[in-house]
Amino acid sequence: MKIALVTDTHFGARNDSQVFSEYFMQFYDDVFFPYLEKNDIKTVVHLGDIVDRRKYINFKTLENFRNNFVYRLGKMGVETHVILGNHDIYHKNNNNINAMHTLFTTLDGKYEPWIYSDPTVVNFDGLNILFIPWITPEKAEQTARMIKESNSQVAFGHLEVQGFLMAPGMQPASHGLSSSLFDKFDLVCSGHYHHKSDNGTVFYLGSTYEITWADYQDDRGFHIFDTDTRELTFIKNPHNMFYKIFYDDKDKQLEDVIPKNLSQYKNRMVKVVAVNKTNPYWFDIMLDHLYKSDPYDVSIVEDHSDYVVDDEEVAVDQAEDTLAILGKFIDTMETNVEKEELKSLFGELYNEAMTVND
């Protein structure tokens, strides 16, 4: 039996941006649903953070989520299981009020799709899998007991485990559960950290698509889990939201500095990095071509003191993402605070600020 694993879809991300919503749907229309149909996949497990905001949902986002994800899976006859993530619950100390139960509880008290707010053992084709929702203080003792006593060899959850990266440029998490807690399992798949990584036992599957600049050139997609072989197969999302253009007109002709395939930037986030800008007029022509492709947002990184950047490394450094810049700044600080812990804290605050609008 093969199960599609998807996580951290964050419906409603970026303040319910319609442009981001349309970008998300490219993944579902071009990649996810066609793969399920072609390979006759009839079971999907979502590993948490299905929606973006903890406390409310935009009606337009809700309509898109219901019609183009939940109901579409239902019409295809796909059995859908949802493990609650931290973005899916209203309170931080318990998960009694959560988006999925609130949105999909029927009058007879049943849930559609299957929703897990408590640690639960679920059987798939003879294989017992322990589902572990986001661990709130109220559920901590119960979850610890279930992990300790479980005879399951596989676990799926929305976990915070030490030593893993939320995103490139961040420091490994210094808090959360010890990875040794899961040594008893053959395989643990988790949502929560958006960067795809593993230690041989715990596999962070990574988010489904790019949501912030921290996701630039970081693989996104979903996985297929085979209950017979217990193998994970990664299905990459080929669609990108974030692009960088490195402008360099040194010893070039005008046609050399005009980006090729401008159509790819339509409704996309673009960062233009002026590595060498010896001809301001050419630079303006390049920007004019870029804007005609109708990007969603364009930011420009250049040396404003001079139109010529002698040191290419300086220009590239200026194009680094916020997390990398913060990390370098912390390295230069004189402080008694542990710098790696400070980097981790800033990384978590940055990610929270970019994905939560409470």
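Right above here is the structure, for reference.
Going along each chain's sequence as written, the residues are numbered from 1 onward. Reporting of local features is limited, given that this is a predicted model, to residues whose pLDDT is at least 70; pairs of side-chain atoms are given and counted only at 80 or more, and all residues count toward the totals for whole chains, interfaces and linings. Water and hydrogen atoms were dropped before computing side-chain values, which therefore reflect all heavy atoms in the structure.

**Description of the side chain of Glu210**
Line of reasoning, step 1. Topologically, Glu210 is positioned in the loop between β10 (202-204) and β11 (221-226).
Line of reasoning, step 2. Per-residue accessibility, obtained with a 1.4 Å probe over protein chains only, is compared with the maximum for each type, and a residue is labelled buried under 20%, exposed over 50%, and partly exposed between these values. Positive: Lys, Arg. Negative: Asp, Glu. His and the chain ends are not part of the count. For salt bridges, the criterion is a side-chain nitrogen of Lys or Arg within 4 Å of an Asp or Glu carboxyl oxygen. Nearest to the buried, unbridged Glu210 among oppositely charged side chains is Arg220, at 6.6 Å.
Line of reasoning, step 3. Contacts described as polar in this section are N or O atom pairs within 3.5 Å, which, within protein, must combine one atom able to donate a hydrogen with one able to accept it, while residues neighboring in sequence count only if both atoms come from side chains. Side-chain polar atoms of Glu210 contact the backbone nitrogen of Met241, separated by 2.8 Å.
Line of reasoning, step 4. Here a residue-residue contact requires only that any non-hydrogen atoms of the pair lie within 4.5 Å. Discounting residues that sit within four places of it in the chain, Glu210 has contacts with Phe20, Tyr23, Phe24, Asp215, Gln217, Arg220, Asn240, Met241 and Phe242. Here a helix means four or more residues in a row that DSSP labels H or I, a strand means two or more in a row labelled E, and each is numbered from the N terminus.

**As for the sheet that holds strand β9 (residues 197-198)**
Line of reasoning, step 1. Should DSSP find at least two bridges between two strands, the strands are taken to pair. Ordered in space as β5-β6-β7-β8-β10-β9, the six strands form an open sheet in which the pairing is mixed. Only two strands of the sheet have a single neighbouring strand rather than two, namely β5 (120-124) and β9.
Line of reasoning, step 2. To obtain each axis, a line is fitted to C-alpha atoms, and for helices this fit is confined to the stretch in contact; angles are then taken between N-to-C directions over 0 to 180 degrees. In this fold helix α5 (residues 140-149) packs onto β5 and β6 (127-132), with an angle of close to 155° to the strand it touches most, β6.

**Details of the sheet that holds strand β13 (residues 242-248)**
Line of reasoning, step 1. Judged by pairing direction, the sheet is parallel, and its three strands sit side by side in the order β13-β14-β15 without closing on themselves. Looking at strand neighbours, the two that pair on one side only are β13 and β15 (297-301), the edges of this open sheet. On average, each strand axis in the sheet is inclined to that of its neighbour by 20°, with strand direction left out of account.
Line of reasoning, step 2. Alignment of strand β14 (residues 269-276) against β15, held across five bridges, turns out to be parallel. Across the sheet, residue Met269 finds its bridge partner in β15, namely Asp297.
Line of reasoning, step 3. Packing of helix α7 (residues 280-292) onto the sheet brings it into contact with β13, β14 and β15, and relative to β14 it is tilted by some 165°.

**Describing the pattern of salt bridges**
Line of reasoning, step 1. Under the defined criterion, the tally for this structure stands at eleven salt bridges.
Line of reasoning, step 2. Because the salt bridges share partners, they merge into one network encompassing Asp215, Asp218 and Arg220.

**Focus on the pairing of strand β8 (residues 187-191)**
Line of reasoning, step 1. Burial of β8 is extensive: five of the five residues sit out of reach of the surface.
Line of reasoning, step 2. Along β8, one buried face is formed by Leu187, Cys189 and Gly191 and the opposite face, lined by Val188 and Ser190, is buried too.
Line of reasoning, step 3. Bridge count for strand β7 (residues 154-158) against β8 is five bridges, and the pairing is parallel. In the sheet register, Ala155 faces β8, and the bridge partner there is Val188.
Line of reasoning, step 4. Sheet analysis places β8 next to β10, joined by three bridges and oriented parallel. Bridge assignment links Ser190 to a residue of β10, and that residue is Tyr204.

**Focus on unusual backbone geometry**
Negative phi is the rule for most residues except glycine; trans is the rule for most peptide bonds.
Line of reasoning, step 1. At Asp125, a position not held by glycine, the phi torsion is positive, near 55°.
Line of reasoning, step 2. Its location among the elements puts Asp125 in the loop between β5 and β6.
Line of reasoning, step 3. For Asp125, a relative accessible area of 52% puts it in the exposed group.
Line of reasoning, step 4. For Asp294, which is not glycine, the phi torsion reads 65° and is therefore positive.
Line of reasoning, step 5. Assignment of secondary structure puts Asp294 in the loop between α7 and β15.

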